[in-house]
Amino acid sequence: MSSYIIPGLFALFVWWFSTGAIIFLDGLPRPTFKWSMLGASAVFAICVIGLVRVSGETTVSAAYWAFGFGLFAWGWQEISFYMGFVTGPRQDACPENCRGWKHFGHAIQTSLWHELAIIISAALIIALTWGQPNQIGVWTFMVLWWMHQSAKLNVFLGVRNLNEEFLPEHLNFLKSFLRREPMNLLFPISITVSTVIGTIMFEHAATATTSFARAGDTFIGVMMALAILEHWFLVVPLPAAKLWSWGLKSRKPVRAFDVEIIAGFLGAGKTTFMRRRLDMLGAVPAEKREKTVVLVNDFSSVGIDGSLLRGQGADVVELPNGCICCTLKNDLASQLEEVVGRYAPDRVLIEPSGVADLASLIGVLERPQIAPFKRSLSVITMIDAGAFLGDYAEMQAHFTAQARLAGVIVINKTDLVSLAERRAVEATLSRLNPAARIIAARYGSVPAEIFAGGTAQPSPASQAQEAQEHGHEHAHEHAHAHEHEHDDDGCIDVTCTHPDHHHNHDHAHDHAHEDALGFASWAGTLDTICDLDALRRVLDAAAEGHFGTIARLKGLARSGRGWVQFDVAGHRASVAAFAAPDGEQPRVIAIGRNLDEAGLSLAFAGCALRLAAE
């Protein structure tokens, strides 16, 4: 019996320890990676030489050595990939709307060189030991390859437990290729194949006539059993991470951070407010200044707000193409993990799109993987004083939810309304949220003391749930507010557009999507230098409704030797100077209902500066 138990325990221990050691080394600071890679390469060379040396021997010790050499030779493959030395030509996350074979092709590109390295290594080991009686090391390497490929395909197709905590920070882009599903069709095939091979190897071990064969077959059988166990870890809620908790201790701890959400409907002045907030944070003495990261979400595949916020003393991460419920409901956790790992911020500012479901966003921030690191959560809702009464009459549920979730409500653009209208807006908002602090503002300017305290929500999750339920109760009252149900993420949201809803794009414009509030977006490029008079005429026409009911239009354009940023909000147009960074692209976005896309394309094309020679 010991001829089976001892090899089995040995295989189990070496597999567990070597896996944990790789996890530990991969969690160390990146400057150590070159030394780990150098050591792993030396070990790989020793293992190949060792496999050749023992390939002609059939003793029990040769079986142990061959198994160890094969397993540690595989370790080089894991270290070279997870430390980022041998990966693939693609180092970026897959675009949100990418699906099917294109998505699969992108996934292959992330590890193409790694897969080729495995093939070359396997071919080298097989060639050097070909025809020799001791093939235990070769089969150990091949079983590990099978475990690797099968698990990789399963997490790509979809499993319940993705074990994302094992991915190092520099490979966070791989999370865009992982899919969370209860199970996929490949999983039972993987389990069946592994079970059949494992059973055959244990049967061979039981009937083997030599100690060498018994040990070798036991080694391979145990590795197949571990392959089965690893696969079950992917679908059964078992604490797999606890097996290697000691290996994860090398990962640097995540620093707690404050979250500020700047919400508000289209054109309320969120970006202007954010710029002032960043100026405020940047004015703090350098020794006391906190690291700030901004997450920006535009209602289009072509973002503008990220460009407007860059250069304000904070790192800006753009999350374009859609309302924030779908862009972030499943991805915000991984986005925040990536941001925290890359930037280690003290503060995260989030500017959701104007039609985002704020309750869903707050719900994401309360998820277990984020909540422990969220030191505080503040919600500030921006209101366009001049547009509020009309917008509230049309979209009561949306504005009610945004008001109820806010700790501070900023009534912006008060210089554009009468005192009576301002008081009506204040009274409405006070009724919706008596506990909120209501502040009147012009150009998003508010006193700094509102950020000193009192904006954090005492129970964001419960408030979000209440607001979401309230919004769903009223959704059927509006012809434009209907629910979208998504099979892949369970998202039920009154302002949600799923990335699976396909739309055609070209270089001139795109139909980003139409959300549940009835808004669609159009985006165009401005490849020529614009005449400001012509541009202003187009903006005035848009504000007057000549291209459909436009809730918001914004863009960047070259004019003369400089740049301008332009805007239509609340049926008012504005143009201002803009300091464009190198590589900036002139573009325009329109959001509204019944958009005349052809008319918008022609109108902006007609803004080209007419030269005197013409």
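Residue positions within a chain follow its written sequence, with the count starting from 1. Local features are withheld for residues below a pLDDT of 70 in this predicted model, meaning they are given only at 70 or higher, and side-chain atom pairs are given and counted only at 80 or more; totals for whole chains, interfaces and linings count all residues. Side-chain metrics in this entry use all non-hydrogen atoms of the structure; hydrogen atoms and water are not considered.

Colleague: Sorry if this is basic, but what is going on with the overall build of the protein here?
Modeller: Helix and strand definitions follow DSSP, with helices as H or I runs of at least four residues and strands as E runs of at least two, each counted in order from the N terminus. Each helix and strand in the protein was counted, giving 20 helices and 15 strands. Three labels apply to residues, based on accessible area from a 1.4 Å probe with only protein chains included: buried if under 20% of the type maximum, exposed if over 50%, partly exposed otherwise in between. The 614 residues of the protein split such that 54% are buried. By the convention used here, residues are in contact when the closest approach between their heavy atoms is within 4.5 Å. Put simply, 75% of the contacts in the protein that link residues at least 6 apart link residues at least 24 apart.

Colleague: Help me out: how do you make sense of the packing of aromatic side chains in this one?
Modeller: For any pair of aromatic rings, the description rests on two quantities: the centre-to-centre distance and the angle between the ring planes. Aromatic rings from Phe, Tyr and Trp, taking only the six-membered ring of Trp, are treated as a pair when their centres fall within 6.5 Å; an angle between ring planes under 30 degrees marks them as stacked, one over 60 as edge-to-face, and anything in between as tilted. Applying the stated rule across the entire model yields 23 aromatic pairs. Aromatic pair Phe10 and Phe219: ring centres 6.1 Å apart, planes at 55°, arrangement tilted. Of the two residues, Phe10 sits in helix H1 (residues 2-26) while Phe219 sits in helix H8 (residues 211-235), which places them 209 residues apart along the sequence. Its relative accessible area of 0% is what places Phe219 among the buried residues.

Colleague: Mind showing me how you'd approach the environment of Met224 here?
Modeller: Take Met224: it is sitting in helix H8. Distance from Met224 to Ile197, taken between C-alpha atoms, is 7.0 Å for residues 27 residues apart in sequence. In contact with Met224, not counting residues within four places along its chain, are Val143, Trp146, Ser194, Ile197 and Gly198.

Colleague: Honestly, helix H19 (residues 532-543) in this entry has me stumped. Any pointers?
Modeller: Think of an α-helix as turning once every 3.6 residues; residues three or four places apart then point the same way. In a regular helix each residue adds 1.5 Å, so 12 residues correspond to 16 Å; H19 covers 16 Å between its end C-alpha atoms and thus fits that length. Of the surrounding secondary structure, the elements contacted by the buried residues of H19 are strand S12 (549-559), strand S13 (562-569), strand S14 (572-578) and helix H20 (597-605). Any pair of nitrogen or oxygen atoms within 3.5 Å is treated as a polar contact; in protein, a donor-acceptor pairing is required on top of that, and neighbouring residues in sequence qualify only through side-chain atoms on both sides. Sitting at the amino-terminal end of H19 is Asp531, which places a side-chain oxygen 3.3 Å from the backbone nitrogen of Asp533. The first or second residue beyond H19 is Gly545, which carries a positive phi of 95°. Helices are assigned an expected span. That span is 1.5 Å times one less than the residue count.

Colleague: For this particular structure, what's the right way to read the packing of helix H3 (residues 60-82) against helix H6 (residues 136-157)?
Modeller: When two helices pack together, their arrangement is captured by the angle between the axes and the distance separating the axes. Only C-alpha atoms enter the line fits that serve as axes; for helices the fit covers just the stretch in contact. Angles between N-to-C directions range over 0 to 180 degrees. Axis separation between H3 and H6 bottoms out at 7 Å; the angle between their running directions is 35°. Regarding H3 and H6, the two cross each other, and that crossing is right-handed. Residue-level inspection shows Ala63, Ala66, Phe67, Gly70, Leu71, Ala73, Trp74, Gln77 and Glu78 of H3 in contact with H6, the latter providing Ile136, Gly137, Thr140, Phe141, Leu144, Trp145 and His148. Per-class residue counts for the contact of H3 with H6 are 10 nonpolar, 5 polar and 1 charged. Handedness of a helix crossing follows the sense of rotation of the near helix relative to the far helix, less than a right angle counterclockwise being left-handed and clockwise being right-handed. Each residue is assigned to one class: nonpolar for Ala, Val, Leu, Ile, Met, Phe, Trp, Tyr, Cys and Pro, charged for Asp, Glu, Lys and Arg, and polar for all the others, Gly among them.

Colleague: Where do I start with a nonpolar patch on the surface in this structure?
Modeller: A cluster of nonpolar residues, Ile5, Leu9 and Leu12, forms a patch on the protein surface that exposes about 260 Å² of accessible area. Residue classification places Ile5 among the partly exposed residues on the basis of a relative accessible area of 43%. Here a patch means residues that are over 30% exposed by relative accessible area and free of salt bridges, tied together within 9 Å if like-charged and within 5 Å if nonpolar (Val, Leu, Ile, Met, Phe, Trp, Tyr). Per-residue and other accessible areas follow the Shrake-Rupley method at a 1.4 Å probe size, with only the shown protein chains counted as cover for residues. Only one rule defines a salt bridge in this text: a Lys or Arg side-chain nitrogen within 4 Å of an Asp or Glu carboxyl oxygen.

Colleague: Just checking my understanding: could you explain the nonpolar core for this structure?
Modeller: If you look at soluble globular proteins, the nonpolar side chains tend to sit buried side by side. The definition of a nonpolar core used throughout is a set of buried Ala, Val, Leu, Ile, Met, Phe, Trp, Tyr and Cys residues joined through side-chain atoms within 4.5 Å. Counting 49 residues, the largest nonpolar core has Phe67, Met147, Phe219 and Met223 as the members making the most contacts within it. Of all elements in the fold, only H1, helix H2 (33-54), H3, helix H5 (112-128), H6 and H8 reach the threshold of two or more residues within this core. When residues in this core are grouped by element, the largest group, 11 residues, is from H3. Ranked by size, the runner-up nonpolar core spans 39 residues in total, among them Phe257, Ala263, Leu365 and Phe519.

Colleague: Would you mind showing me how to read the pairing of strand S7 (residues 437-440) here?
Modeller: If a strand is regular, its side chains alternate between the two faces of the sheet. Pairing of strand S6 (residues 408-412) with S7 involves 4 bridges; the strand directions are parallel. The partner of Ile409 across the bridge, within S7, is Ile438. Convention used here: a crossover is right-handed provided that the path from the first strand, over the helix, to the second strand proceeds clockwise when the strands point away from the viewer. The β-α-β motif built from S6, the intervening helix H17 (residues 419-432) and the parallel element S7 has right-handed crossover chirality. Think of it this way: DSSP has to see at least two bridges between two strands before they count as a pair.

Colleague: Mind showing me how you'd approach the confidence of the model for the protein here?
Modeller: Close inspection of predicted coordinates is inappropriate in any region flagged by low pLDDT. Scored between 0 and 100, pLDDT is the confidence that the predictor attaches to each residue. Taken as a whole, the protein shows an average pLDDT of 80; of its residues, 79% reach a score of 70 or greater. For residues 320-328, every residue scores under 50 in pLDDT, and the model assigns this stretch 54 contacts once sequence neighbours within four places are set aside.

Colleague: Would you mind going over the environment of Ala590 with me for this structure?
Modeller: Counting through the fold element by element, Ala590 comes out in strand S15 (residues 587-593). A residue is classified by how much of its surface remains accessible, and Ala590, at 0% relative accessible area, is buried. Between the alpha carbons of Ala590 and Phe519 there is a distance of 10.0 Å; along the sequence they are 71 residues apart. Those residues in contact with Ala590 that sit more than four places away from it in its chain are Ala520, Ser521, Trp522, Arg552, Leu553, Leu595 and Leu600.

Colleague: Looking at this structure, I do not really get H17. What am I missing?
Modeller: Along its 14 residues, H17 runs 20 Å from first to last C-alpha, staying within 8% of the 20 Å computed at 1.5 Å per residue. Val425, Thr428, Leu429 and Leu432 are the residues of H17 that are buried. One side of H17 holds all its buried residues, which, seen down the axis, span an arc of 95°. More than 90 degrees from the buried face of H17, the exposed residues found are Ala420, Arg423 and Arg431. On its buried side, H17 packs onto strand S5 (374-384), helix H15 (388-394), helix H16 (396-404), S6 and S7. By arc we mean the arc of the directions from the helix axis to the C-beta atoms, nothing more.

Colleague: Would you explain the pattern of salt bridges in this entry?
Modeller: Opposite charge on two side chains permits them to pair, given that their charged atoms come into close proximity. Evaluated as defined, the whole model comprises 14 salt bridges. In this structure, Glu181 and Arg179 form a salt bridge, with 3.1 Å as the shortest nitrogen-oxygen distance. Exposure remark for Glu181: the relative accessible area of 18% places this residue in the buried category. By relative accessible area, which is 35% here, Arg179 ends up partly exposed. We note a salt bridge from Arg375 to Asp258, for which the minimum N-O separation is 3.1 Å. With a gap of 117 residues between them, Arg375 in strand S5 and Asp258 in strand S1 (residues 257-264) connect regions that are remote in the sequence. For Arg375, a relative accessible area of 45% corresponds to the partly exposed category. Salt bridges sharing common partners tie together Glu260, Arg277, Glu290 and Arg347.

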